Amino acid sequence: MEKRYRNFKIIIKDSYDNTSSAVADIIADCINTKANTVLGLATGGTPVGAYKKLIEMQSAGKLDFSRVTCFNLDEYHPIAATNDQSYKYFMKDNLFDHINIDPANTHIPDGMAADVQTECIAYEQKIAAASGIDLQLLGIGMNGHIGFNEPASAFSRVTNYVELEASTIEANSRYFDSADEVPKHALTMGIGTIFAARQIVMMITGAAKANIAEAAVLGNITPQVPASILQLHPNVMLVMDGDAAKNIIARLA
Ligand code: GLP
């Protein structure tokens, strides 16, 4: 099912697997059109299926990452790259170690940076030096965050050092042994950085995200729901499963 709402193209699939395939196809089209695509990538449970599909496509010879550059949205701080909960580890484990991308072209904020402000400025400069992001993949946090831009973040902000909300620490603690082990801070592209991407693909799955998806897509544009700013972006695709889209489907019917 496809729907349009304002500038959003909304693609709704009947399962997580088919949602993952749709996202992977959009990314593959981008790379097949422009071999030196600059991708913005996301972590979390949501995109894992799409990454698996991309790995399969590359193994089947249908995709070539050799000229692709990637910038990840965010990283906890402090966290060592060897920690299996770091986003650096996640990306290697779920994508980079299984495709023919040049590791030198994969960028993630340094979770052990001693000077976080310098690291944030350098990250923003690296994105600019790559001529910006062609396609930014996003998930969404339960409170509407994108990257680690928590509610009330300024829409104009670029890469920065942030304090995580208690609710985000709680939500992400499912991946750690306990909530105490979740770092309290992170380095994240700002909403301004994300908004500058030429194309945005937001993937939302699962009934638990139905309310926040509805608020982001159909609600007021407000810093209290960081993803709501995407209503103003000229090129956004929302790829959702029916569970995540159920409130939106009901209201747009
Ligand atoms: C983290 C990441 C976000 C991600 C969110 C949702 O907080 N910083 O980029 O979108 O988690 O994760 P999940 O897909 O596991 O629900």
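The structure presented is a predicted model; accordingly, all values stated were derived computationally and were not measured.

Colleague: Hey, could you go over the layout of surface pockets for me, with residue numbers and the actual values?
Modeller: Volume-wise, the largest pocket comes out at about 670 Å³. At the level of secondary structure, the elements contributing two or more residues to the lining of the largest pocket comprise strand E5 (74–77), helix H3 (87–94) and helix H5 (166–172). The biggest single contributor to the lining of the largest pocket is H3, with five residues.

Colleague: Describe the site of the ligand, listing the residues and the values that go with them.
Modeller: Taken together, 15 residues are adjacent to the ligand, and Gly-45, Thr-46, Asp-74, Arg-174 and Lys-209 come closest. Side-chain polar atom of Tyr-175 to an oxygen atom of the ligand: 2.9 Å apart, as the coordinates give it. Compared with its free state, where it exposes 390 Å², the ligand has 94% of that area covered by protein. Under a 2 Å grid-point criterion requiring more than half of the atoms, the pocket assigned to the ligand is the largest pocket. Looking at the shell around the ligand, its residues break down into four nonpolar, eight polar and three charged.

Colleague: Which residues make up the pairing of strand E8 (residues 160–163), and what values go with them?
Modeller: A one-sided burial pattern is seen for E8, the buried positions being Asn-160 and Val-162 and the unburied ones Tyr-161 and Glu-163. Pairing analysis gives four bridges linking E8 to strand E9 (residues 185–188), with the strands arranged antiparallel. Paired with Tyr-161 across the bridge in E9 is Leu-187.

Colleague: An account of the nonpolar core is requested, with residue identities and associated values reported.
Modeller: Formed by 70 residues in total, the largest nonpolar core has its most connected members in Ile-10, Tyr-51, Leu-54, Leu-95, Phe-96, Met-202 and Met-240. Top contributing element to this core by residue count: helix H1 (residues 16–33), with eight residues. The next biggest cluster of nonpolar side chains, apart from the first, holds ten residues, and it includes Phe-148, Val-162, Leu-164 and Phe-176.

Colleague: Residues and numbers for the pattern of salt bridges, please.
Modeller: Counted under the stated rule, the structure contains six salt bridges. Across the salt bridge formed by Lys-92 and Asp-97, the nearest N and O atoms sit 3.3 Å from each other. When the shortest N-O distance is used, the salt bridge between Arg-198 and Asp-134 registers 3.0 Å. Placement of the pair is Arg-198 in the loop between helix H6 (191–195) and strand E10 (199–204) and Asp-134 in the loop between helix H4 (116–129) and strand E7 (135–138), with a sequence separation of 64 residues. Assessed through its relative accessible area of 9%, Asp-134 is described here as buried. Among the charged side chains, a network of salt bridges with common partners joins Lys-34, Asp-134 and Arg-198.

Colleague: Which residues make up the sheet that holds E10, and what are the values?
Modeller: Read from one edge to the other, the open sheet built from eight strands follows the order E1-E2-E11-E10-E7-E3-E4-E6, with strand pairing classed as mixed. One side of each edge strand has no neighbouring strand; the edge strands of this open sheet are strand E1 (2–5) and strand E6 (106–107). When strand E3 (residues 38–41) meets strand E4 (residues 69–72), the two strands line up parallel, connected through four bridges. Looking at the pairing, Gly-40 lines up with Phe-71 of E4. In the packing of H4 onto the sheet, contacts are made with E4 and E6, and the angle to E4 comes to roughly 150°.

Colleague: Outline the environment of Lys-3, supporting the account with residue identities and numerical values.
Modeller: Structurally, Lys-3 is set in strand E1. Put simply, Lys-3 and Gly-219 are 216 residues apart on the chain and 17 Å apart in space, counted from C-alpha to C-alpha. Residues within four places of Lys-3 in sequence aside, it is in contact with Phe-8, Lys-9, Ile-10, Ile-249 and Leu-252.

Colleague: Please set out a negative patch on the surface residue by residue, giving values where relevant.
Modeller: Residues Asp-84, Asp-93, Asp-177, Asp-180 and Glu-181 make up a contiguous surface patch of negative charge. With respect to the secondary-structure elements, Asp-177 resides in the loop between H5 and E9.

Colleague: Help me get a handle on the side chain of Glu-75, residues and values and all.
Modeller: Its place among the elements puts Glu-75 in strand E5. Buried charge without a partner: Glu-75 forms no salt bridge, and the closest opposite charge is Lys-88, 7.7 Å away. One polar contact links the side chain of Glu-75 to the main-chain amide nitrogen of Lys-88, over a distance of 3.0 Å.

Colleague: Describe the sheet that holds E8, with residues and values.
Modeller: Strand order in this open sheet of three strands is E5-E9-E8, and the pairing throughout is antiparallel. The open sheet is flanked by E5 and E8, the only strands paired with a single partner. Across the sheet, the axes of successive neighbouring strands diverge by a mean angle of 30°, strand direction being ignored. Its contacts with the sheet place H4 against E5, E8 and E9, and it is angled at close to 125° to E8.

Conventions we followed
Residues numbered from 1 in each chain as written. Predicted model: local features only at pLDDT ≥ 70, side-chain atom pairs only at ≥ 80, totals over all residues. Heavy atoms only, no water. 1 Å grid on protein atoms, 1.4 Å probe; cavity = no way out; pocket = protein on both sides within 12 Å on 5 of 7 lines; lining within 4 Å. Points joined across faces, edges and corners; volume = space filled by probe spheres on them. Helix = DSSP H or I, 4+ residues; strand = E, 2+ residues; numbered from the N terminus. Near = heavy atom within 4 Å. Polar contact = N/O pair within 3.5 Å; in protein donor to acceptor, adjacent residues only side chain to side chain. Areas by Shrake-Rupley, 256 points an atom, 1.4 Å probe, with all protein chains shown as cover. Sits in = over half its atoms within 2 Å of the grid points. Nonpolar A, V, L, I, M, F, W, Y, C, P; charged D, E, K, R; others polar. Buried < 20%, exposed > 50% of the residue type's maximum accessible area, 1.4 Å probe, protein only. Pairing = 2+ DSSP bridges. Core = buried A, V, L, I, M, F, W, Y, C linked by side-chain atoms within 4.5 Å. Salt bridge = Lys/Arg side-chain N within 4 Å of Asp/Glu carboxyl O. Contact = heavy atoms within 4.5 Å. Axes fitted to C-alpha atoms, helices over the stretch in contact; angles between N-to-C directions. Patch = residues over 30% accessible without salt bridge, like charges linked within 9 Å, V, L, I, M, F, W, Y side chains within 5 Å. Lys, Arg positive; Asp, Glu negative; His and termini not counted. Charge placed at Lys NZ, Arg CZ, Asp CG, Glu CD.

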